[in-house]
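# What the coordinates show
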Amino acid sequence: MNFLKLKSNVGIYILDESRQRVNIGEVGEIFIAGDCLSAGYINQDELTMQKFIDCPFQNGLMYATGDIANWNKDGTISYIGRK
């Protein structure tokens, strides 16, 4: 498993620099997708365009958190730090 579905429309992905899913044990940035997201940053259009991007894995947007982590074999996520 290299993504986590929290609800039917909410997912957590760990992606490499080319925004491809990483394999178990590999490090990448955490992205969150689904109805839980806001529409963006208030009055910060440029930052919104950088952080809220089209999600290639499900309908809608995903948010680039700036947090670095990796998937463990048991499906849990190990937080490593900030980008």
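Residues numbered from 1 in each chain as written. Predicted model: local features only at pLDDT ≥ 70, side-chain atom pairs only at ≥ 80, totals over all residues. Heavy atoms only, no water.

## Focus on the packing of aromatic side chains
What counts is decided by this rule: Pairing of aromatic side chains here covers Phe, Tyr and the six-membered ring of Trp, requires ring centres within 6.5 Å, and sorts the geometry by plane angle: under 30 degrees stacked, over 60 edge-to-face, intermediate tilted. By the criteria applied, helices consist of DSSP H or I runs no shorter than four residues and strands consist of E runs no shorter than two, each listed in order from the N terminus. Working definition: with a 1.4 Å probe on protein chains only, accessible area under 20% of the residue-type maximum means buried, over 50% means exposed, and in between means partly exposed.
Under the counting rule described, the total for this entry stands at four aromatic pairs. Summarising the aromatic geometry, the rings of Tyr41 and Phe52 are spaced 5.8 Å apart at their centres and angled 80° between planes, so their arrangement reads as edge-to-face. Here Tyr41, found in the loop between strand S3 (27-34) and helix H1 (45-51), pairs with Phe52, found in strand S4 (residues 52-54); they are eleven residues apart in sequence, far enough to count as distant. We classify Tyr41 as partly exposed; its relative accessible area is 29%. Exposure remark for Phe52: the relative accessible area of 10% places this residue in the buried category.

## Focus: the pairing of strand S6 (residues 77-82)
The test is simple: Strands were regarded as paired on the criterion that DSSP finds at least two bridges between them.
The pairing of strand S5 (residues 61-71) with S6 spans five bridges and is classified as antiparallel. Pairing of Ile68 across the sheet is with Gly81, part of S6.

## Some remarks on the nonpolar core
The tendency in soluble globular proteins is for nonpolar side chains to be buried side by side. Note the threshold: Joining through side-chain atoms within 4.5 Å is the link that ties buried Ala, Val, Leu, Ile, Met, Phe, Trp, Tyr and Cys residues into a set, and such a set is a nonpolar core. What makes two residues a contact is simply this: any of their non-hydrogen atoms within 4.5 Å.
Residues Tyr13, Leu15, Phe31, Ala33, Ile53, Cys55, Met62 and Ala64 constitute the largest nonpolar core, which totals eight residues. The set of elements that each furnish at least two residues to this core consists of strand S2 (10-15), S3 and S5. Not counting residues up to four positions away in its chain, the partners in contact with Ile53 are Arg19, Phe31, Gly60, Leu61 and Met62. One finds Ile12, Ile14, Ala69 and Trp71 within the second-largest nonpolar core, a separate group that totals six residues.

## Notes on the pattern of salt bridges
Basically, it comes down to this: Put simply, a salt bridge is a Lys or Arg side-chain nitrogen that is within 4 Å of an Asp or Glu carboxyl oxygen.
The final tally for this structure, using the stated rule, is two salt bridges. Here Glu29 makes a salt bridge to Lys83, at a shortest N to O gap of 3.1 Å. Of this pair, Glu29 sits in strand S3 while Lys83 sits in the segment after S6, and the two are 54 residues apart along the sequence. The closest approach of N and O atoms between Asp67 and Arg82, which form a salt bridge, is 2.8 Å. Taken as a pair, Asp67 in strand S5 and Arg82 in strand S6 lie far apart in primary sequence, 15 residues in all.

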